[in-house]
Amino acid sequence: MSTPPTLSPAAPAAAPAAPAGPTPAALAGLVRAFAGRPGRWRPAVRFDAAARFHTRLEVTGGHEVWLLTWLPGQGTEIHDHGGAAGAFTVVSGVLTERSFPDPPAAPRARELAVGGLRSFGPRYVHEVVNAGTAPAVSIHAYAPALSAMSYYAELPGGGLRPVRTDPVTG
């Protein structure tokens, strides 16, 4: 029995080269600015027991901003952002993020409470979950706008195996 190869995450092969856009630091500033204007996002908050709720709040030629809600126990699969850089901040509740370094190593876990922020480049792979007992809300920004996301299975030792790539629709 052979061991599946350990792969480093990368943008989907079919993804076109991304034009220069906002940096992870600029995206961090953007999500902080959105977080500071609850009138822009609070009316969109919804919770769904069947699946995480998400909605696009803004889209421009250079970036997009999303609102995501998380009931206790809801989370993502291990995923990338299809070559987009990004940032997210928690505006309510607590989220736990596990990121998967390249080259493969043990994943890193971080708890993000209100005001917690992560920004990342285009090859970032992570999973996010609400492991707490209260609902959570987060605001995310990506540049360029998401077109596809790839999903991975975790291998022993921290490596990843690609599972699928899905288009992103708003």
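Everything discussed here concerns the structure shown above.
*Asks:* Would you mind going over the pattern of salt bridges in detail, with residue names and values included?
*Replies:* Enumeration over the complete set of coordinates arrives at 9 salt bridges. Among the salt bridges present, the one from R118 reaches E97, with a minimum N-O distance of 2.9 Å. Of this pair, R118 sits in strand β7 (residues 117–120) while E97 sits in strand β5 (residues 95–99), and the two are 21 residues apart along the sequence. Here R118 falls in the buried class, since its relative accessible area comes to 18%. For E154, the salt bridge is made with R98, and the minimal N-O distance between the two is 2.7 Å. You can see E154 sitting in strand β10 (residues 148–154) and its partner R98 sitting in strand β5, a full 56 residues away along the chain. Look at E154 and you get partly exposed, because its relative accessible area is 35%. Relative accessible area serves as the criterion here: at 24%, R98 is assigned to the partly exposed category. A cluster of three or more residues bridged by salt bridges with shared partners is formed by E77, R164 and D166.

*Asks:* A description of the packing of aromatic side chains should follow, citing residues and the corresponding values.
*Replies:* Counting across every chain of the model gives 1 aromatic pair. Their ring planes at 15° and their centres at 4.6 Å tell us that F120 and Y124 sit as a pair that is stacked. When sorted by exposure, F120 lands in the same class as Y124, which is buried. One Lys or Arg, R52, reaches over the ring of W70 and ends 4.8 Å from the middle of that ring. Sitting over the face of the ring of Y151, R164 holds its NZ or CZ atom 4.3 Å from the ring centroid.

Thresholds applied
- Residues numbered from 1 in each chain as written.
- Predicted model: local features only at pLDDT ≥ 70, side-chain atom pairs only at ≥ 80, totals over all residues.
- Heavy atoms only, no water.
- Salt bridge = Lys/Arg side-chain N within 4 Å of Asp/Glu carboxyl O.
- Helix = DSSP H or I, 4+ residues; strand = E, 2+ residues; numbered from the N terminus.
- Buried < 20%, exposed > 50% of the residue type's maximum accessible area, 1.4 Å probe, protein only.
- Phe/Tyr/Trp six-rings, centres within 6.5 Å; stacked < 30°, edge-to-face > 60°.
- Lys NZ or Arg CZ within 6 Å of the ring centre and 35° of its normal.

Scope: geometric values only; no functional claims are made or implied.
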